Amino acid sequence: MTKIEELKQKLPGIKENVILRDWTTMGVGGVADLFYEAIDIEGLTTALKQTVRLDIPYFVLGSGSNVIVSDSGFPGLIIKNSASNILRIPDASQFLADSGATIAKLISESATQELTGMEVFAGIPGTVGGAAYGNAGVRGVEFGDFVKELTIFHPPQNSLDEPQIIRHKVSWMEYSYRTSRLKKMIHKSQVNKPVILTIKLGLAPAKKEDILERIRQSVALRSGGLDVAGYRHGVQPKGVKSSGCIFKNPGTQPEMAAGYLLDKAGLKKKKVGDVVVSKDHANFVINKGRASAQEIRQLIEIMRHSVKEKYNINLEEEVEYIGRW
Ligand code: EPU
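Everything numeric in this text was worked out from a predicted model, so none of it was measured.

Undergrad: What should I look at first to understand the environment of Ile 103 in this one?
TA: Looking at the secondary structure, you find Ile 103 in helix H3 (residues 103–112). Judged by its relative accessible area of 3%, Ile 103 is buried. Considered as a pair, Ile 103 and Tyr 231 are 128 residues apart in the sequence and their alpha carbons are 25 Å apart. With sequence-adjacent residues up to four places away left out, Ile 103 is seen in contact with Phe 121, Ile 124, Pro 125, Gly 126, Thr 127, Val 128 and Ala 131.

In structure tokens, the structure reads:
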């Protein structure tokens, strides 16, 4: 029996040759050799264990909102994480969330359960696991600020070991601006990294109507409204194929925002093929239709180069490149 036949037996529903373009918000990406959608933590863990045992490369995809997948696809198994349970921990202002739950679901659950903290993330596409991995942030608030503990699947270091599932305190993640210990781990094309399974989040009690009002304010700010300090945030493009901000901000002041620097360097509306820098926010690139991943990378290099030339500042990606490049 080949490895693929064996994996098919262990993971009913696994598919071959799936086009990844349809699974990312950027709308690019070639073919994955294998593709499996895990609908709960048990399915996710089984898929990881079997893949590791058969020595097949894996990558776990959440909402596909912060990744750029190569036109050449992925040589192994893509596990789409749709494990989405969110439990309120009894007698505590805490949730235990599956990593594949969407941020939208977490926010709606927090309003129902009258727990505050998540409203600021309203409107961000993505999963709880993706936010915990990349330390997603909005207006100075970081997702890692709410994380208490995580259970993480660790693939074996060598073929003789077994994988391990370990419960870690948040300190293990070593959170800092838009990154974590997991995000920083250098793995070729991001394959076979440890995988977040569940996340314990600490929130605070609040009234439902106050939570709903803060959600409305967060959504309005993403459209360029003024915040409580009277500061206008950049309008963020909506309803288009994009992966949010491409680069991290090189500093904390508004004049050190990647969007500001790229705007001043004249990048808005710059095009390569079917990809264009947003006219609303210069740190967003938009797939106008049938863009290729290669075109996106070319445009990203032009953006990086322009800011380097004009300001001598090195921009570093917030998005990650997946697959064979
Ligand atoms: N600006 C411009 N031109 C632009 C875009 C922005 O001049 O084309 C200026 C704005 O007017 C503002 C400053 O640059 O003075 C910062 O812009 P904004 O308030 O839009 O925030 P940002 O720093 O560009 C960050 C996050 C966003 C997050 C917003 C809102 C990073 C890399 N980006 O953007 O996150 O939504 O703050 O809090 O930290 C993402 O991660 O994908 C993302 C979009």
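Undergrad: Looking at this structure, how should I read the site of the ligand?
TA: What surrounds the ligand is a group of 27 residues, the closest being Arg 139, Tyr 177, Cys 245, Asn 249 and Asp 263. Between Asn 249 and the ligand, the recorded distance is 2.7 Å, taken from a side-chain N or O atom to an oxygen atom. For the ligand, an oxygen atom lies 3.3 Å from a polar atom in the side chain of Lys 268. Isolated, the ligand exposes 830 Å² of accessible area, and the fraction of that covered by the protein chains is 86%. Going through the elements one at a time, strand S9 (137–138) and helix H7 (258–264) are the ones with two or more residues in the shell around the ligand. For the shell around the ligand, the leading source of residues is H7, giving 3 residues. Residues that form the shell around the ligand fall into these classes: 10 nonpolar, 8 polar and 9 charged.

Undergrad: Is there a simple way to think about the packing of helix H1 (residues 3–10) against helix H2 (residues 41–53) in this case?
TA: Closest axis-to-axis distance for the H1/H2 pair is 10 Å, and the angle between their directions is 160°. Here H2 runs roughly antiparallel to H1, going by the angle between their axes. Here H1 runs over H2; the crossing is right-handed. Judged by residue contacts, Glu 6, Leu 7 and Lys 10 of H1 engage Gln 50, Thr 51 and Arg 53 from H2. Split into classes, the residues belonging to the contact of H1 with H2 amount to 1 nonpolar, 2 polar and 3 charged.

Undergrad: Even after reading the chapter, I still don't get unusual backbone geometry, so can you show me in this structure?
TA: Negative phi values dominate among residues other than glycine, just as trans dominates among peptide bonds. The backbone of Glu 114 sits at a positive phi, close to 55°, despite the residue not being glycine. Checked against the element boundaries, Glu 114 lands in the loop between H3 and strand S8 (115–116). For Arg 139, which is not glycine, the phi dihedral falls at a positive 45°. Here Arg 139 lies in the loop between S9 and strand S10 (141–142). We classify Arg 139 as partly exposed; its relative accessible area is 31%.

Undergrad: Honestly, the packing of aromatic side chains in this entry has me stumped. Any pointers?
TA: The geometry of two aromatic rings is summed up by the distance between their centres and the angle between their planes. One pass over the full model with this rule turns up 5 aromatic pairs. Where Phe 121 meets Phe 143, the ring centres are 5.5 Å apart and the plane angle is 65°; that geometry is what we call edge-to-face. Here Phe 121 is found in the loop between S8 and helix H4 (128–134), whereas its partner Phe 143 is found in the loop between S10 and strand S11 (147–154), with 22 residues between them in sequence. Of the residues examined, Phe 121 reaches a relative accessible area of 0% and is grouped as buried. On the basis of relative accessible area, Phe 143 is assigned to the buried category, the value being 0%. Ring centres 6.2 Å apart and planes at 80° place the aromatic pair Phe 121 and Phe 146 in the edge-to-face group. With a gap of 25 residues between them, Phe 121 in the loop between S8 and H4 and Phe 146 in the loop between S10 and S11 connect regions that are remote in the sequence. Here Phe 121 matches Phe 146 in class, with each residue buried.

What counts, and where the lines are drawn
Numbering of residues starts from 1 in each chain and follows the order in which that chain's sequence is written. With the structure being a predicted model, the display of local features is reserved for residues of pLDDT at least 70 and the display and counting of side-chain atom pairs for 80 or more, all residues being used for whole-chain, interface and lining totals. Side-chain measures were taken over the full set of non-hydrogen atoms in the model, leaving aside hydrogen atoms and water. By the criteria applied, helices consist of DSSP H or I runs no shorter than four residues and strands consist of E runs no shorter than two, each listed in order from the N terminus. The classification of residues rests on relative accessible area computed with a 1.4 Å probe and restricted to protein chains. Under 20% of the type maximum is buried, over 50% is exposed, and intermediate values are partly exposed. By definition, residues are in contact when any of their heavy atoms lie within 4.5 Å. The near set for a molecule or strand comprises every residue that places at least one heavy atom within 4 Å of it. Side-chain atoms alone can form a polar contact between residues adjacent in sequence; in general such a contact is a pair of N or O atoms within 3.5 Å, and within protein one must be able to donate a hydrogen while the other accepts it. Note on areas: Shrake-Rupley with a 1.4 Å probe; residue coverage comes only from the protein chains shown. When residues are sorted by character, Ala, Val, Leu, Ile, Met, Phe, Trp, Tyr, Cys and Pro go into the nonpolar class, Asp, Glu, Lys and Arg into the charged class, and all the rest, Gly among them, into the polar class. Every axis in this analysis is a line fitted to C-alpha atoms, fitted for helices over the stretch in contact. Angles between the N-to-C directions lie between 0 and 180 degrees. Working rule for angles: under 35 degrees goes down as roughly parallel, over 145 as roughly antiparallel, 65 to 115 as roughly perpendicular, anything else as oblique. Should the near helix be turned anticlockwise from the far one by less than a right angle, the crossing is left-handed, and should it be turned clockwise, the crossing is right-handed. Pairs were defined over the aromatic rings of Phe, Tyr and Trp, the Trp ring being its six-membered one, requiring ring centres within 6.5 Å. Orientation was assigned from the angle between planes: stacked under 30 degrees, edge-to-face over 60, tilted for the rest.

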